[in-house]
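Listed here are the chains, written in short residue letters.
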Amino acid sequence: MTKSITLIKLGGSLITDKNVQSSYKADVVARLAREMKAAQQAQPDLSLVIGHGSGSFGHFEAKKHNTIAGVHTPEEWYGFTRVAVAASQLSQYVAETLLDAELPVFRVQPSASVVSDEGVIQQMALHNIRTALTMGLIPLVHGDVALDITLGGTITSTETIFAYLARYLPVDRILLIGVESGVYDQTGSIIPHITSHNLEQHEAALGHSAGVDVTGGMYTKVMDMLALANVRDQLSVRIMSGTEPGLLTQTLLNKAEPGTLITG
Ligand SMILES: Nc1ncnc2c1ncn2[C@@H]1O[C@H](COP(=O)(O)OP(=O)(O)OP(=O)(O)O)[C@@H](O)[C@H]1O
Ligand SMILES: C=C(C)CCOP(=O)(O)O
């Protein structure tokens, strides 16, 4: 497999209301689906893996059961299954919306395919993902629960999954799409470019999510992506808005460079 791959995360903040449990924004996902379809029609060799956050589905249940800290007791394992069902329910909705736009998505459920250790993914169903890509399908992953060697069970975010995939697949671009226009500095302006050289200057501005969230909001997003970009020279990560119609298509076709770029 040599074709370069773009990983796109549809943020949970964008596709749900993170303050209202199980609130799926079908119209937003339908518009983004049309935008991805338009980009693929304009550039047929565009190879995509789509991921989506868990928003007010998985995060609400995960917070209730503190699943990210580990799973040991029968009550915690019951909570683990509740989180898995909530995450999977959102993914079913997203898959149906994307399919309606004729994007041939193929769900690869992380709860059934990831093994992590202290939250770090050790293995995932790479064969299935590679085969799906070869067949012209679009693998669809999402933030989920994961079985974990040390913790019993835990939460794995879309960014953690992307970081794993970028180690094994020829990924050259990651787009993280949310409700914000990018990453804001302390004055509220968009930071155009974050690297290890200017991180310290902006670190204090990186905060938690405005909604219910267990995976760390913008702080974790930037830290995880910078760590990844530091070990992958050719990789660019962009944190951008998904609320401006047309922007995703333009960005996929390299006609726009919105938001915040993160490189090593
Ligand atoms: N400096 C910052 N710039 C932009 N957003 C910030 C900043 N600090 C904190 N945030 C908050 O972080 C949020 C993004 O993190 P969040 O985890 O909610 O995103 P997401 O990936 O869309 O959600 P999910 O984890 O459900 O997929 C923003 O919507 C905002 O509320
Ligand atoms: C809370 C759950 C189940 C997954 C979190 O994944 P994310 O929304 O990508 O951060």
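Residues numbered from 1 in each chain as written. Chains lettered and ligands numbered in written order. Predicted model: local features only at pLDDT ≥ 70, side-chain atom pairs only at ≥ 80, totals over all residues. Heavy atoms only, no water.

- Within an unreviewed UniProt entry, the label attached to the protein reads Isopentenyl phosphate kinase, and the organism entered is Phototrophicus methaneseepsis.
- The protein has a UniProt comment under Sequence similarities (unreviewed entry) that states "Belongs to the isopentenyl phosphate kinase family." (UniProt positions renumbered as here; feature names shortened; annotations may be inferred.)

**Considering the overall build of the protein**
Part 1 of the argument: Within the protein, the regular secondary structure consists of 10 helices and 12 strands.
Part 2 of the argument: Since a compact globule built from 264 residues should have a radius of gyration of about 18 Å, the 17 Å found for the protein is in line with a globular shape.
Part 3 of the argument: With 264 residues in all, the protein has 54% of them scored as buried.
Part 4 of the argument: As displayed, the protein offers around 11500 Å² of accessible surface, 51% of which is attributable to carbon and sulfur atoms. (Helix = DSSP H or I, 4+ residues; strand = E, 2+ residues; numbered from the N terminus. Rg over C-alpha atoms; globule rule 2.2 N^0.38 Å. Buried < 20%, exposed > 50% of the residue type's maximum accessible area, 1.4 Å probe, protein only. Areas by Shrake-Rupley, 256 points an atom, 1.4 Å probe, with all protein chains shown as cover.)

**Notes on a nonpolar patch on the surface**
Part 1 of the argument: Taken together, the side chains of Phe106, Met135 and Leu137 present a nonpolar region at the surface, about 280 Å² in accessible area.
Part 2 of the argument: Tracing the sequence through the fold places Phe106 in strand β3 (residues 105–107). (Patch = residues over 30% accessible without salt bridge, like charges linked within 9 Å, V, L, I, M, F, W, Y side chains within 5 Å. Salt bridge = Lys/Arg side-chain N within 4 Å of Asp/Glu carboxyl O.)

**Some details on the site of ligand 2**
Part 1 of the argument: Neighbouring ligand 2 are 15 residues; Lys9, Ser54, His59, Thr158 and Thr215 lie closest to it.
Part 2 of the argument: Measuring from an oxygen atom of ligand 2, one finds a side-chain N or O atom of Thr158 at 2.7 Å.
Part 3 of the argument: When ligand 2 sits alone it has 320 Å² of accessible area, and the protein chains cover 97% of it.
Part 4 of the argument: Secondary structure elements with two or more residues in the shell around ligand 2: α3 (55–65), β8 (152–156) and α7 (158–168).
Part 5 of the argument: The residue inventory of the shell around ligand 2, partitioned by class, reads three nonpolar, nine polar and three charged. (Near = heavy atom within 4 Å. Polar contact = N/O pair within 3.5 Å; in protein donor to acceptor, adjacent residues only side chain to side chain. Nonpolar A, V, L, I, M, F, W, Y, C, P; charged D, E, K, R; others polar.)

**Remarks on the sheet that holds β8**
Part 1 of the argument: Taking strand neighbours across the sheet as the criterion, the four strands line up as β5-β4-β7-β8 in an open arrangement whose pairing is mixed. Edge positions in the sheet fall to β5 (120–123) and β8, since each of these pairs with one other strand and no more. Direction aside, neighbouring strands of the sheet carry axes that sit 50° apart on average.
Part 2 of the argument: Bridge count between strand β4 (residues 115–117) and β5: three bridges; the pairing is antiparallel. When the sheet's bridge partners are listed, Asp117 is paired in β5 with Val120.
Part 3 of the argument: The strands touched by helix α4 (residues 74–100) within the sheet are β7 (144–148) and β8, with β7 carrying the most contacts at an inclination of about 140°. (Pairing = 2+ DSSP bridges. Axes fitted to C-alpha atoms, helices over the stretch in contact; angles between N-to-C directions. Contact = heavy atoms within 4.5 Å.)

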